[in-house]
Amino acid sequence: DGGITQSPKYLFRKEGQNVTLSCEQNLNHDAMYWYRQDPGQGLRLIYYSQIVNDFQKGDIAEGYSVSREKKESFPLTVTSAQKNPTAFYLCASKSSHYNEQFFGPGTRLTVL
Amino acid sequence: AQSVTQPDIHITVSEGASLELRCNYSYGATPYLFWYVQSPGQGLQLLLKYFSGDTLVQGIKGFEAEFKRSQSSFNLRKPSVHWSDAAEYFCAVGNAGNNRKLIWGLGTSLAVNP
């Protein structure tokens, strides 16, 4: 089945630890995105990548880092510099031929 | 400034009743418009989209939306709501020139009474 997978579904970390969230797609999409979702705040863009080995900051990039070494993969690292990392994180991808984004199931990160 | 407004944070309807969720946008270029639905703890699913042409677009699950350029609106409608429609609904806008990024509304939470 084609789609976007995010792992793990739930993630718990101690404060001060870096953590990496996985996002993989087998849709052959060029663009990939990371969003953060908090109650009542909708979706906020963290980083996006239009092609391999290239990515841009979104609206709330501070405390996060990404890489795009392969077309299929766009991992997000939440660093200790992110002041309030507990949130629901969504990964999305988009084909260069179409305009809609397709979403993964999300990862809920809780920092204790 | 580019923005999307969903005026209703929360709506409750009875099962079988009609539904309209509002979306207003402010966007400098010709917009592409989207409605997504999110069940609790899940990712977002595309309901429908508008790029050009007929201003009334049909989507999945019996939803439709109408693009009204003069009112800068793209309201989502369903003639008869089912209990399974209870979810969060998001409106988003982008365009062909810079569709790498979408502008998102804050969402409308829909509850359905039996």
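> Go over the overall build of chain B with me, naming the residues and quoting the values.
Of the regular secondary structure elements, chain B holds zero helices and 12 strands. Ordered by position from the N terminus, the helices and strands of chain B form the series β-β-β-β-β-β-β-β-β-β-β-β. In summary, chain B has a C-alpha radius of gyration of 14 Å against a globular reference of 13 Å for 114 residues, a match within 12%. For chain B, the spread of C-alpha atoms along the principal axes amounts to about 45 × 30 × 20 Å. If you take every contact in chain B between residues at least 6 apart in sequence, the share linking residues at least 24 apart comes to 54%. Per element, the accessible surface of chain B, about 5300 Å² overall, is 49% carbon and sulfur. Taking the average place of the 9 positive charges on the side chains of chain B and the average place of its 8 negative ones, the gap between the two points comes to 10 Å.

> Quick one: what's the story with the interface of chain B and chain A, residue by residue and with numbers?
Contacts between chain B and chain A engage 19 residues on the former and 21 residues on the latter. Note on chain B versus chain A: buried area summed over both sides is about 1700 Å², and carbon and sulfur give 53% of it. Seen at the junction of chain B and chain A, the total is two salt bridges. Note that K101 of chain B and D59 of chain A form a salt bridge whose closest N and O atoms lie 3.8 Å from each other. For the interface between chain B and chain A, the tally reads six residue pairs in polar contact (both at pLDDT 80 or more). For the side of chain B that touches chain A, the elements supplying multiple residues, two or more each, are β5 (32-38) and β6 (44-50) of chain B. Sorting elements by how many residues they give to the side of chain B that touches chain A places β5 of chain B first, with four residues.

Criteria and thresholds
- Residues numbered from 1 in each chain as written.
- Chains lettered and ligands numbered in written order.
- Predicted model: local features only at pLDDT ≥ 70, side-chain atom pairs only at ≥ 80, totals over all residues.
- Heavy atoms only, no water.
- Helix = DSSP H or I, 4+ residues; strand = E, 2+ residues; numbered from the N terminus.
- Rg over C-alpha atoms; globule rule 2.2 N^0.38 Å.
- Contact = heavy atoms within 4.5 Å.
- Areas by Shrake-Rupley, 256 points an atom, 1.4 Å probe, with all protein chains shown as cover.
- Lys, Arg positive; Asp, Glu negative; His and termini not counted.
- Charge placed at Lys NZ, Arg CZ, Asp CG, Glu CD.
- Buried area = accessible area lost by both parts, 1.4 Å probe.
- Salt bridge = Lys/Arg side-chain N within 4 Å of Asp/Glu carboxyl O.
- Polar contact = N/O pair within 3.5 Å; in protein donor to acceptor, adjacent residues only side chain to side chain.

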